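Commentary on secondary and tertiary structure
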Amino acid sequence: MDTGFWQKTMTPEEITSGLILPYVVQAVSGKAGAGALLITIFMACTSIASAQMIAISSIISFDIYGTYISKKATDKQLIAWSHIGVVVTSLVIPSLATAFNKGGVDMTWLLYVVGNITNPGCIATVFALLRKGQTRAAAVISPIIGVCCSISIWLGTAYAYFGEISIASTGSTMPCLFGCVTAFFVPLPVSLKQIKKVRQSKENITETDQQDTEEWLTPEMKKYMRKMSRWAAFWTVFTPLRHVFLWPLAMYGAKIVFSKSVGFYNPISLDY
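Quick look at the structure, then. (Residues numbered from 1 in each chain as written. Predicted model: local features only at pLDDT ≥ 70, side-chain atom pairs only at ≥ 80, totals over all residues. Heavy atoms only, no water.)

When you go through the chain residue by residue, the secondary structure sums to 12 helices and 0 strands. In the chain, the succession of helices and strands from N to C terminus is α-α-α-α-α-α-α-α-α-α-α-α. The burial tally for the chain puts 21% of its 272 residues in the buried class. The long-range share in the chain, meaning contacts at least 24 apart out of those at least 6 apart in sequence, stands at 63%. Just so you have it, the chain exposes about 19600 Å², and 68% of that area is on carbon and sulfur atoms. (Helix = DSSP H or I, 4+ residues; strand = E, 2+ residues; numbered from the N terminus. Buried < 20%, exposed > 50% of the residue type's maximum accessible area, 1.4 Å probe, protein only. Contact = heavy atoms within 4.5 Å. Areas by Shrake-Rupley, 256 points an atom, 1.4 Å probe, with all protein chains shown as cover.)

Shown next as structure tokens:
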């Protein structure tokens, strides 16, 4: 074990850049461990990039082009748009990474801020999977309103606390906490207000549609869908409860004590 690393104090820039793990590995396992960690990080990055390329290319080709632009698209056209999606994604990902790096954005800032963008889709996704009355308008409008509100609260809180809007202020705990909580809860009343059960009249249901529905919704399929819905509901409830209980218990065992400046917001952050 290299004891020299234990005497070195890490700078705030090194901590926010995610260098804690490399330093620990090098202190415990030496240069060989640091090299193994570098290979692991490289493999993880390439794997994630590959998955994102495939996902985005599929969305562009099938969900956008094949659904809205050309509903009678041929396989050749879909494959061509899929290739376009791969090329565009391969250019956008490194461009964004380079821009963030040159602009002084670190891993901590990204992890704190990403909730302001992704959280508004949670309620809409859950309702789309588990609520029969979810409408297209509610699924589309509620995340957009949530993003607008979360960004407004996030930037406004950063300015109120620090008197400026910068990478340092917007990456602080309090502005991100307020923004993320807003992003999660604002779409809920919006969705509930927009949701209503859509009942088709018998005149609008053709014999072909009714026959296709009956052929697809067989008793076995209905049983399978009910089973999957129960599993989805279980994991929806279990996942936040797991974080709420396991996270505090682990910190309690490690005897971690929050500062008083966080105060009342500890339960909110744990619940989030």
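Back to the text.
A cluster of nonpolar side chains, namely Tyr224, Met225, Met228, Trp231, Phe234, Trp235 and Phe238, defines an oily patch on the protein surface of about 710 Å² accessible area. Among the secondary structure elements, Phe234 is positioned in helix 11 (residues 219–253). (Patch = residues over 30% accessible without salt bridge, like charges linked within 9 Å, V, L, I, M, F, W, Y side chains within 5 Å. Salt bridge = Lys/Arg side-chain N within 4 Å of Asp/Glu carboxyl O.)

Attention now goes to a positive patch on the surface. On the surface, Lys222, Lys223, Arg226, Lys227 and Arg230 cluster together into a positively charged patch. Along the chain, the position of Lys223 falls in helix 11. With a relative accessible area of 60%, Lys223 lands in the exposed category. (Lys, Arg positive; Asp, Glu negative; His and termini not counted. Charge placed at Lys NZ, Arg CZ, Asp CG, Glu CD.)

Here we come to the environment of Ala233. Looking at the secondary structure, you find Ala233 in helix 11. As for Ala233 and Leu130, which are separated by 103 residues in sequence, their C-alpha atoms are 7.2 Å apart.

What follows concerns the side chain of Thr170. Looking at the secondary structure, you find Thr170 in helix 7 (residues 167–170). The exposure class assigned to Thr170 is buried, which follows from its relative accessible area of 5%. A polar contact of 2.6 Å, which involves the side chain of Thr170, links it to the backbone oxygen of Ser166. (Polar contact = N/O pair within 3.5 Å; in protein donor to acceptor, adjacent residues only side chain to side chain.)

A complete count under the given rule lists 8 aromatic pairs for this structure. On the basis of an interplanar angle of 55 degrees and a centroid distance of 6.2 Å, the ring pair of Trp109 and Trp154 is categorised as tilted. Residue Trp109 is found in helix 4 (residues 107–118), and its partner Trp154 is found in helix 6 (residues 136–162); the two are separated by 45 residues along the sequence. Take Trp109: its relative accessible area is 15%, and that puts it in the buried class. Geometrically, the ring pair formed by Phe234 and Trp235 is edge-to-face, given 5.3 Å between the ring centres and 70 degrees between the ring planes. Classification of Trp235 by relative accessible area gives partly exposed; the value is 43%. Ring-pair connections join several aromatic residues into one group, and the members of that group are Trp231, Phe234, Trp235 and Phe238. (Phe/Tyr/Trp six-rings, centres within 6.5 Å; stacked < 30°, edge-to-face > 60°.)

Two residues of an α-helix separated by three or four positions point the same way, owing to the 3.6 residues in each turn. If you check helix 8 (residues 173–185), its first and last C-alpha atoms are 18 Å apart, about what 13 residues at 1.5 Å a residue would give, namely 18 Å. Buried within helix 8 are the following residues: Met174, Pro175, Cys176, Leu177, Gly179, Cys180, Val181, Thr182 and Ala183. (Expected span 1.5 Å × (residues − 1).)

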